[in-house]
Amino acid sequence: MPTPTRSRSPLNRPAHFSDADWAEYQQCQAEHDDLMAQIAEREAQMEHDLIATYDEYELDFSPVPKPEADPAHRLPPPHRSPASRRRNRGR
């Protein structure tokens, strides 16, 4: 019958690690976990901010009044410059 393999969980120190190596590994792992938590928190905040911004500026697809319907917002006809009048006089 084969011997069952023992899985190494992070709590069990590998046999080739010294106490100092294991302590350093655990410190690095704790720093890594902390950094990953900070990154996840920052990404969640950015996602929240993006959603809030989208909600604030969400497009409104209701009909927009046509410019002709409101005489106060009509654009004046384009003005011709004096140079263009001189050019057209000789023709």
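Here the structure is a predicted model, which means the values were calculated and not measured.

Asks: Looking at this model, I keep getting lost on the overall build of the protein. Mind explaining?
Replies: The secondary structure content of the protein amounts to two helices and zero strands. Residues counted as buried form 3% of the 91 residues belonging to the protein. Carbon together with sulfur atoms contributes 58% to the accessible area of the protein, which is approximately 9,400 Å² in total.

Asks: How should I be thinking about the packing of aromatic side chains in this particular structure?
Replies: Ring pairs (aromatic) are described by centroid distance and by the angle formed between their planes. Per the stated rule, a full pass over the model turns up three aromatic pairs. Considering the side-chain rings of phenylalanine 17 and tryptophan 22, the 6.0 Å spacing of their centres and the 65 degrees angle between planes classify their relative orientation as edge-to-face. Of the residues examined, phenylalanine 17 reaches a relative accessible area of 22% and is grouped as partly exposed. By relative accessible area, which is 11% here, tryptophan 22 ends up buried.

Asks: What exactly am I supposed to notice about the pattern of salt bridges here?
Replies: Pairing between side chains becomes possible if they bear opposite charge and their charged atoms approach one another. If you walk through the whole model with that rule in mind, you get one salt bridge. In this structure, the salt-bridge partner of arginine 13 is aspartate 19, at a minimum N-O distance of 2.1 Å. Taking relative accessible area as the criterion, aspartate 19 reaches 59% and is therefore assigned exposed.

Asks: Explain the confidence of the model for the protein to me, please; I cannot follow it from the model alone.
Replies: The predicted coordinates should not be examined in detail at positions where pLDDT is low. The predicted model of the protein has a mean per-residue pLDDT of 77, with 59% of residues at 70 or higher. Below pLDDT 50 for its whole length, residues 1-9 participates in four contacts with residues either more than four positions away or in separate chains.

Asks: Looking at this structure, how should I read a nonpolar patch on the surface?
Replies: A contiguous nonpolar surface patch, about 260 Å² in accessible area, is contributed by Leu35, Met36 and Ile39. The topology assignment puts methionine 36 in helix H1 (residues 19-56). The exposure class assigned to methionine 36 is partly exposed, which follows from its relative accessible area of 41%.

The rules behind these values
Residues numbered from 1 in each chain as written. Predicted model: local features only at pLDDT ≥ 70, side-chain atom pairs only at ≥ 80, totals over all residues. Heavy atoms only, no water. Helix = DSSP H or I, 4+ residues; strand = E, 2+ residues; numbered from the N terminus. Buried < 20%, exposed > 50% of the residue type's maximum accessible area, 1.4 Å probe, protein only. Areas by Shrake-Rupley, 256 points an atom, 1.4 Å probe, with all protein chains shown as cover. Phe/Tyr/Trp six-rings, centres within 6.5 Å; stacked < 30°, edge-to-face > 60°. Salt bridge = Lys/Arg side-chain N within 4 Å of Asp/Glu carboxyl O. pLDDT = per-residue confidence, 0-100. Contact = heavy atoms within 4.5 Å. Patch = residues over 30% accessible without salt bridge, like charges linked within 9 Å, V, L, I, M, F, W, Y side chains within 5 Å.

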